[in-house]
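Descriptive structure summary
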Amino acid sequence: RAHLPGAGIFQCSITGLGFEVKSPVTITYRYATWTRYLSKAYQEIWVPAGPLFHINVQPGVVQAVRLPHFICLAGTAGPGLCSIAHFKSGKMTLERPTRVIAFSAVLENPSFSLLGVLWRRIRSTLSSFPMHSLVLIFQQLSAANTTLHLYLIPDDNSVKQAVEKQEMNWHSKLIPKPPPFNPLFFGCIYQVTSTNPVVITPEALLPFCYKSPKEQQLFVEIYIRNMAEEIELCMTDTRNDTVIWRASVRSGDINLPARVSKTLSAFMKKHKTELCSRMRQLSTILLYLRNANVINSDEEEEVQGQDTSQRKNRILLELAEKKGLKAQEQLYRILQTKDPYLIADLE
């Protein structure tokens, strides 16, 4: 829920969704799932190019909506192939965006229900369209030695959020690394390799494709028996052996061990003052805690009702402390994923 205080252009830092409004308004929005609404027949013609949103707002206040997309406009993909899908009463209509800009399709004077960006396929393939993408690496903290999960996904925050939630359930932490050097192409296969002795399973090949956030995203598992000071990972395009991504995983990246309960509790108590003053992205943290059933809606409102960010953080930390070690562990895992540099600094 966004409470917009007056006329202006606003963008959600979590979803990338933007609104131009002419007066104060409250807007509620959430992710929806393309596969639930986009029929098989339409999937032969259109491919999702960004998240699908369910949006509720008072009519007549929003002058324009900016729907995020991950098509690279610097390539050959023409904005004329872009449409905005509008689902209402189970039926889909297609609207021509007012304009298409980097990372967003703009629709002026919109009506709302379910909205998202689609890109028209050419000759039933999208391999000719460059896409912005992300490489996500997670360390499984409870696994033997060093076990990493590597994902290659479109730059879609709904998919990224689903991966982060799944990995947190597996007791993993994000290792932040840069995205690929250049836009990638749906339908192409990319190979993961390392200059060091590692075991990559089930195989070192990752197809780049769109999968719904509700589906299990594709990843490779990288097992490192003996962690060196630095391990280099590469990804190459199998069509021409071009390196499209390279990153070094250093011993310092993965030295946050899975903590025993008493140590974790001591960590949270020791750094309570620092956490109160330095925790950010509180709305995102609360969302993850709600999804993990650590807090309920009343407790979330209690935290959000405080008058300063430090007070909000303190109430949240006290809540987690009251709920016990499991709740503190969940909060710690979320901070590892959403603010790894803060945790590393405190450690």
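Conventions adopted
- Residues numbered from 1 in each chain as written.
- Predicted model: local features only at pLDDT ≥ 70, side-chain atom pairs only at ≥ 80, totals over all residues.
- Heavy atoms only, no water.
- 1 Å grid on protein atoms, 1.4 Å probe; cavity = no way out; pocket = protein on both sides within 12 Å on 5 of 7 lines; lining within 4 Å.
- Points joined across faces, edges and corners; volume = space filled by probe spheres on them.
- Helix = DSSP H or I, 4+ residues; strand = E, 2+ residues; numbered from the N terminus.
- Nonpolar A, V, L, I, M, F, W, Y, C, P; charged D, E, K, R; others polar.
- Buried < 20%, exposed > 50% of the residue type's maximum accessible area, 1.4 Å probe, protein only.
- Salt bridge = Lys/Arg side-chain N within 4 Å of Asp/Glu carboxyl O.

In the structure shown here, the tally under the stated rule is 2 cavities of 30 Å³ or more. Quantified by volume, the largest cavity comes out at close to 70 Å³. Lining the largest cavity are Met268, Lys269, Lys272, Leu317, Ala320, Glu321 and Gln328. Among the secondary structure elements, those contributing two or more residues to the lining of the largest cavity are α4 (261-270) and α8 (309-323). Looking at the lining of the largest cavity, the element that brings in the most residues is α8, giving 3 residues. Partitioned by chemical class, the residues of the lining of the largest cavity number 3 nonpolar, 1 polar and 3 charged. There is about 40 Å³ of room inside the second largest cavity.

A few words on the environment of Asn293. Take Asn293: it is sitting in the loop between α6 (282-291) and α7 (297-304). Residue classification places Asn293 among the exposed residues on the basis of a relative accessible area of 70%.

Within this structure, the stated rule accounts for 15 salt bridges. The salt bridge involving Asp345 is made with Arg278; its shortest N-O contact spans 2.9 Å. Of the two residues, Asp345 is situated in helix α10 (residues 340-346) and Arg278 in helix α5 (residues 272-278); the sequence distance between them amounts to 67 residues. Note that Arg333 is salt-bridged to Glu329, the shortest N-O span being 3.3 Å. In this pair, Arg333 and Glu329 both sit in helix α9 (residues 325-338), 4 residues apart, roughly one turn of the helix.

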